[in-house]
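For reference, the chains in residue letters:
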Amino acid sequence: MDYFLTEEQQMIVDVTRQIADEKIIPKRAELDEKEEFPTDILKAMAQADLFGIFIPQEYGGYGGGCLEVVLALEQLGRGCVAVATSYAASALGAYPILLAGSEEMKQHYLPKVASSEYRSAFALTEANAGSDAGGIQTTAILDGDEWIINGTKQWITNAGEADIYTVVAITDRTKGPRGASLFVVEATDRGFSYGPKEKKMGIRASSTRELIFKDCRIPKNRLVGKVGIGFITVMKTLDLSRPGIAALGLGLAQAALDEAVVYAKQRVQFGKPIISFQAIAHMLADMATELEAARALVYAVAKHINHHKEGISKISSMCKVFATDMAMKVTTDAVQVLAGYGYMRDYPVEKMMRDAKILQIYEGTNQIQRNVIGQELNKEYNRN
Ligand SMILES: Cc1cc2nc3c(=O)[nH]c(=O)nc-3n(C[C@H](O)[C@H](O)[C@H](O)COP(=O)(O)OP(=O)(O)OC[C@H]3O[C@@H](n4cnc5c(N)ncnc54)[C@H](O)[C@@H]3O)c2cc1C
């Protein structure tokens, strides 16, 4: 379907499609098998200036918005969700600086993120605080001209591979929702280390590790914005980034659908290609229809966010939940179409099904997205 993209948006699609086809797809099975971080592919993406898409031009970026990021992530997700997650997490780590950082902080970090000199990561989750982010235990205490950070973050994407980490820590427990603040921790800071690499079901080429802070001292000016705005900035960050996760679902589902259709046309049983059986053709028809419906929603939400930055929580959650549930279903159905062959690692659909699952979990589970949508509906109908 033609979404009437501008010339510049089409260029982003073309560049990322080429990277997916030429750099990512030929390597994805090997990277998954070896659980190897895709350093060379990320370098190729940096050479194509992809890390600055969402960064304003005054900070060395391309100056694109949510739709531009969505278009890039859709193509990269079609290639491999693990690679695309490593790319997306760098944006996630930089959004808080963009949204709440001082001018000095933006000038210092954003050009380096845009050029990919600095890879970034975002650290909220802890062992006892996943969906319930308010339960985090990591603390930051001001001591003269330095903050001292103590605590452990869990399951942080790009951990050990990033140069900067935006870390949420409690600065005043008595202040509840206003008790957390955000900090930039650099990989070279003393008192900062990592746990071992997690062994995961899917997105195995991405790095997921703990961040360990033991009396980690950072300069006072690494506070992002003001004391007490940590959780608010996190919510705004996730509102902006969730359509990107939805876009990974679009790309992944497209890849699975492509595999399933090609296979169904070639595989002969009972003397006919299996696509001629209505059971298979209807399954493919539903996969294609649900994918297109999700794409229309994700693009519409992203376009809305390009023009309106406030009041986007509901639609941001809607597109994340709809597109990622769709991706889980479409990839599972693709395995069903390929059946026994689909279950084997010789074909890419088993990896696609494994990779789809994380999209329903990270950046807020799909249950939490439904909570957000429900809460927003409740507020809207109180107003009317
Ligand atoms: C591979 C991977 C990469 C990740 N990357 C990052 C990262 O870069 N940075 C980061 O900060 N975090 C990251 N995370 C953490 C991720 O965001 C959390 O796993 C997620 O928010 C859910 O938290 P949890 O796993 O602790 O589940 P829990 O919060 O323990 O939830 C368990 C179950 O209960 C449900 N549930 C919980 N509360 C409610 C409720 N109120 N209503 C309805 N249902 C509820 C959940 O939906 C889920 O089904 C990553 C996780 C993984 C697995």
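Our subject is the structure that appears above.
Just so it is clear, the structure is predicted and the values come from calculations on it, not from any experiment.

(A) Quick peek at the overall build of the chain. For the chain, the count of helices and strands is 11 helices and 9 strands. The C-alpha radius of gyration computed for the chain amounts to 21 Å, which stays within 12% of the reference 21 Å derived for 384 residues, consistent with globular compactness. With the C-alpha coordinates aligned to their principal axes, the bounding extent of the chain is approximately 80 × 55 × 40 Å. Taking all contacts inside the chain whose residues are at least 6 apart in sequence as the whole, residues at least 24 apart take part in 75%. For the chain, the exposed area adds up to about 17,300 Å²; of that, 53% sits on carbon and sulfur atoms. Both charge centroids of the chain, one from 43 positive and one from 47 negative side chains, sit 3 Å from each other.

(B) Highlighting the nonpolar core. Met45 and Tyr87 are the most contacted members of the largest nonpolar core, which totals 104 residues. With 17 residues, the single largest contributor to this core is helix H7 (residues 230–266). Those residues within four positions of Met45 in sequence are excluded, and the remaining contacts are Ile19, Leu50, Phe51, Leu76, Val83 and Tyr87. Counting 19 residues, the second-largest nonpolar core is a separate cluster that includes Tyr165, Phe213, Cys216 and Ile218.

(C) A look at the site of the ligand. In the neighbourhood of the ligand, 19 residues make up the surrounding shell, with Phe122, Thr125, Ser131, Thr365 and Gln367 lying closest. At a separation of 2.6 Å, an oxygen atom of the ligand approaches a polar side-chain atom of Ser131. A distance of 2.8 Å separates an oxygen atom of the ligand from a polar atom in the side chain of Gln367. Its free accessible area being 970 Å², the ligand has 65% of it covered by the protein chains. Breaking the shell around the ligand down by element, the ones donating at least two residues are strand E1 (120–123), strand E3 (146–157) and helix H11 (366–383). A class-by-class count of the residues in the shell around the ligand yields 10 nonpolar, 7 polar and 2 charged.

(D) Seen up close, the layout of surface pockets. For the second largest pocket, the calculated volume is near 260 Å³. Lining the second largest pocket are 15 residues, with Val13, Arg17, Gln75, Arg295 and Tyr299 positioned closest to its centre. Mapped onto the lining of the second largest pocket, the elements with two or more residues apiece are helix H1 (7–24), helix H4 (66–79) and helix H8 (278–307). The element best represented in the lining of the second largest pocket is H4, accounting for 4 residues. Classifying every residue of the lining of the second largest pocket by side-chain character gives 6 nonpolar, 3 polar and 6 charged.

(E) Representation of the side chain of Lys112. You can see Lys112 is positioned in helix H6 (residues 103–115). Buried charge Lys112 goes without a salt bridge, the closest partner of opposite sign being Glu117 at 5.2 Å. Polar contacts involving the side chain of Lys112 include one to the main-chain carbonyl oxygen of His108, which spans 3.2 Å. Non-local contacts of Lys112, meaning those with residues more than four positions away in its chain, are made with Glu117 and Tyr118.

(F) Layout of H6. For H6, with 13 residues, the first-to-last C-alpha span of 18 Å sits near the 18 Å given by 1.5 Å per residue. Of all the bends found along H6, the most pronounced is centred on Tyr109 and spans about 30°, while Pro111, a proline, follows it within four residues. What H6 keeps buried is the set Met105, Lys106, Tyr109, Leu110, Lys112, Val113 and Ala114. Tucked into the core, H6 has its buried residues touching helix H5 (81–100), E1, strand E4 (164–170) and strand E5 (180–186). Phi turns positive one or two residues past the end of H6, at Ser116, with a value near 75°.

What counts, and where the lines are drawn
Sequence positions are assigned chain by chain, starting from 1 and proceeding in written order. Given that this is a predicted model, residues contribute local features only at a pLDDT of at least 70 and side-chain atom pairs are listed and counted only at 80 or more, while totals for whole chains, interfaces and linings are drawn from all residues. Excluded from the side-chain calculation are hydrogens and water; included are all heavy atoms of the structure. Runs of H or I in DSSP of at least four residues are treated as helices and runs of E of at least two as strands, each being numbered from the N terminus. With the radius of gyration taken over C-alpha atoms, the globule rule is written as 2.2 Å times the number of residues to the power 0.38. Whether two residues are in contact is decided by their heavy atoms, any of which lying within 4.5 Å being enough. Computed by Shrake-Rupley with a 1.4 Å probe, the accessible areas treat only the displayed protein chains as cover when residues are assessed. Only four residue types enter the charge count, namely Lys and Arg as positive and Asp and Glu as negative; His and the chain termini do not. Here the site of a charge means atom NZ of a Lys, CZ of an Arg, CG of an Asp or CD of a Glu. Among buried residues, those of type Ala, Val, Leu, Ile, Met, Phe, Trp, Tyr and Cys that are joined through side-chain atoms within 4.5 Å constitute a nonpolar core. Here's how the labels work: a residue is buried when its accessible area is under 20% of the maximum for its type, exposed when over 50%, partly exposed in between, all with a 1.4 Å probe on protein chains only. Any residue with a non-hydrogen atom lying within 4 Å of a molecule or strand is treated as near it. In protein, a polar contact requires one atom able to donate a hydrogen and another able to accept it; more generally it is a pair of N or O atoms within 3.5 Å, and residues adjacent in sequence count only if both atoms are side-chain atoms. Ten residue types, Ala, Val, Leu, Ile, Met, Phe, Trp, Tyr, Cys and Pro, are classed as nonpolar, four, Asp, Glu, Lys and Arg, as charged, and the remainder, Gly among them, as polar. Grid points spaced at 1 Å over the protein atoms alone were grouped into cavities, where a 1.4 Å probe fits but cannot get out, and pockets, open sets with protein on both sides within 12 Å along at least five of seven lines, with lining residues defined by an atom within 4 Å of a point. Grid points are joined across faces, edges and corners, and a volume is the space filled by probe spheres set on the points. We define a salt bridge as a side-chain nitrogen of Lys or Arg found within 4 Å of a carboxyl oxygen belonging to Asp or Glu. Residue count minus one, scaled by 1.5 Å, sets the expected span of a helix. For a residue, the bend is simply the angle between two axes, fitted respectively to the seven-residue segment ending there and the seven-residue segment starting there.

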